[in-house]
Amino acid sequence: MKIVLFGTNEFSLSVLKGLIDNHFEVVACVTQPDKVNGRNGKISFSPIKNFCLDNGIPVYQFKNLNLEGEAVLKAYNPDIFITASFGQIIKQNILNIPKLGTYNVHASLLPKYRGAAPIQRAIMNGEKYTGITIMQTELGLDAGDMFLKKQIEILDDDTFSSVFNKLSTLGAECIVEFLNNFDTLKSKGEKQNDSLSTYAKMLTDNDYLINFNNTSINIFNQVRALENCYFIYNAKRYKVKACKPNIMHGKAGEILACNGKIGLIISTADTSIEIITIHPEGKQPMPAKAFMNANKFRQGDIIENS
RNA sequence: CGCGGGGUGGAGCAGCACGGCAGCUCGCAGGGCUCAUAACCCUGAGGUCAUUGGUUCAAAUCCAAUCCCCGCAA
């Protein structure tokens with residue numbers, strides 16, 4: 001079975017490795033164009049590209065996949081396309097190429113959280129479960145028929161990274177199971193109930209800004225879902241890498257404690273959150289208790305979100 | 001040549017525009033004190049001020065070059 005994998009990030013890579021470790025024939029990969037790192041001007045390759053280069057797998061980066069890719073991919077005479085966190089829309093002329101179809105490894109329990117940021121949105125919303133769905137890749141956004149679904153629990157101490165890692169592993173397991181039982185599972189395809197579908201919108205800068213007028217649990221979920229949330233204090237940006245709800249309470253945004261013994265506690269709409277790990281501009285991430293030793297914060301100040 | 005911040009005892013920072021004893025909050029070690037606390041009090045150890053060169057009677061501080069870390073933007 002000749003497979004072409006479309007993917008970019010570590011999730012895609014986990015799926016690719018799963019295929020190779022289980023002796024599927026991956027004849028080529030398609031990944032996003034290289035990105036330029038603005039600070040040092042260096043070019044960085046996607047994880048998929050690095051792996052392919054190291055392992056002698058042909059890898060393609062089309063500026064316009066739908067125009068340039070058709071002839072190239074047809075030449076491989078592929079049986080199946082697998083997509084996993086590819087990040088580009090694939091048009092019908094490409095989807096039609098493989099004999100057995102194109103299938104997607106999606107990191108949510110469809111029809112919930114279709115779209116670009118399913119893991120983050122699920123954690124942000126305080127979901128208790130998420131999972132992997134293997135489904136038909138169609139023009140419609142993650143709306144194709146479903147063939148295999150597996151769920152995992154989102155624990156209170158899970159973060160984006162931990163869920164991402166679990167789902168990367170599970171995604172690889174699912175695609176292998178799907179391909180090993182292709183005929184059976186393919187025949188048992190299930191339509192998505194569109195009326196139950198939700199959309200995991202792409203993340204914007206505004207999603208990362210912490211609003212202390214929200215409740216503690218919402219901020220807690222936001223921080224662990226995105227891991228790079230921030231607030232602004234004295235015109236400086238502070239990223240919150242980890243926090244936990246606290247029982248103290250004051251005016252929303254009020255700094256309730258800021259010293260090396262207790263750390264940093266900021267009031268929310270209902271109670272407060274304790275900042276565990278903070279990342280000031282220009283510095284390394286560090287324990288909030290350590291940074292509080294520097295006396296940059298003043299108790300009683302209100303953090304506005306502008 | 002995209003914009004910007006930073007490197008100072010183990011941690012986090014101040015000091016630098018104007019050169020003149022290495023400072024603060026913690027941690028650590030020893031001692032004291034309290035029914036108790038984010039406890040408190042006393043004492044102590046611990047520094048190549050990123051690197052290299054220059055200016056100077058004198059450099060963490062001024063000049064030149066280099067290395068490393070990070071934020072924004074993309």
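Residues numbered from 1 in each chain as written. Chains lettered and ligands numbered in written order. Predicted model: local features only at pLDDT ≥ 70, side-chain atom pairs only at ≥ 80, totals over all residues. Heavy atoms only, no water.

## Structural notes on a nonpolar patch on the surface
A cluster of nonpolar side chains, Val36, Ile43, Phe45 and Leu53, forms an exposed patch at the surface whose accessible area comes to about 390 Å². Relative to the helices and strands, Val36 is located in strand β3 (residues 35-36). (Patch = residues over 30% accessible without salt bridge, like charges linked within 9 Å, V, L, I, M, F, W, Y side chains within 5 Å. Areas by Shrake-Rupley, 256 points an atom, 1.4 Å probe, with all protein chains shown as cover. Salt bridge = Lys/Arg side-chain N within 4 Å of Asp/Glu carboxyl O. Helix = DSSP H or I, 4+ residues; strand = E, 2+ residues; numbered from the N terminus.)

## Description of the environment of Lys239
Relative to the helices and strands, Lys239 resides in strand β13 (residues 236-246). The exposure class of Lys239 is partly exposed, given its relative accessible area of 26%. C-alpha of Lys239 to C-alpha of His279: the two residues are 40 residues apart in sequence and 4.8 Å apart in space. Beyond its immediate stretch of four places on either side in the chain, Lys239 contacts Asn228, Cys229, Tyr230, Thr277, Ile278 and His279. There is a polar contact of 3.4 Å between the side chain of Lys239 and the side chain of Asn228. (Buried < 20%, exposed > 50% of the residue type's maximum accessible area, 1.4 Å probe, protein only. Contact = heavy atoms within 4.5 Å. Polar contact = N/O pair within 3.5 Å; in protein donor to acceptor, adjacent residues only side chain to side chain.)

## What to know about helix α9 (residues 216-226)
The buried count for α9 comes to nine of eleven residues, which makes it a mostly enclosed element. Looking at α9, one finds that the buried residues are Ser216, Ile219, Phe220, Asn221, Gln222, Val223, Arg224, Ala225 and Leu226. Tucked into the core, α9 has its buried residues touching α5 (118-124), α6 (160-180), α8 (205-208), β12 (229-233), β13 and β16 (272-280). Positive phi appears at Glu227, one or two residues downstream of α9, with a value of about 65°.

## A closer look at the pairing of strand β2 (residues 25-30)
Burial within β2 is extensive, with five of its six residues counted as buried. Of the strand pairs in this sheet, strand β1 (residues 2-7) and β2 are connected by five bridges, and their pairing is parallel. Bridging across to β2, Leu5 finds its partner in Cys29. Taken together, β1, helix α1 (residues 10-21) and β2 constitute a β-α-β crossover, and its handedness is right-handed. Bridge analysis of β2 against strand β5 (residues 59-60) gives two bridges, and the strand direction is parallel. Counterpart to Cys29 in the pairing with β5 is Val59. (Pairing = 2+ DSSP bridges. Right-handed = clockwise from strand over helix to strand, strands pointing away.)

## Focus: the domain arrangement of chain A
Under the domain assignment used here, chain A contains domain 1 (2-200) and domain 2 (205-292). Using only C-alpha atoms to locate each centre, domain 1 and domain 2 end up separated by 34 Å. On the side of domain 2, eight residues touch domain 1, which itself brings twelve residues to the contact. Across the interface of domain 1 and domain 2, roughly 840 Å² is buried in total on both sides, 49% from carbon and sulfur atoms. It is Ile123, Met124 and Asp156 in domain 1 that bury the most area against domain 2; as a group they hold 48% of the surface buried on that side. For the pair domain 1 and domain 2, the interface holds one salt bridge. Its salt-bridge partner being Asp207, residue Arg121 comes within 3.1 Å of it at the nearest N-O pair. Where domain 1 touches domain 2, the interface holds seven residue pairs in polar contact (both at pLDDT 80 or more). The set of elements that each furnish at least two residues to the side of domain 1 that touches domain 2 consists of α5 and α6. Ranked by residues supplied to the side of domain 1 that touches domain 2, first place goes to α5 with four residues. (Domains from an automatic or database assignment. Buried area = accessible area lost by both parts, 1.4 Å probe.)

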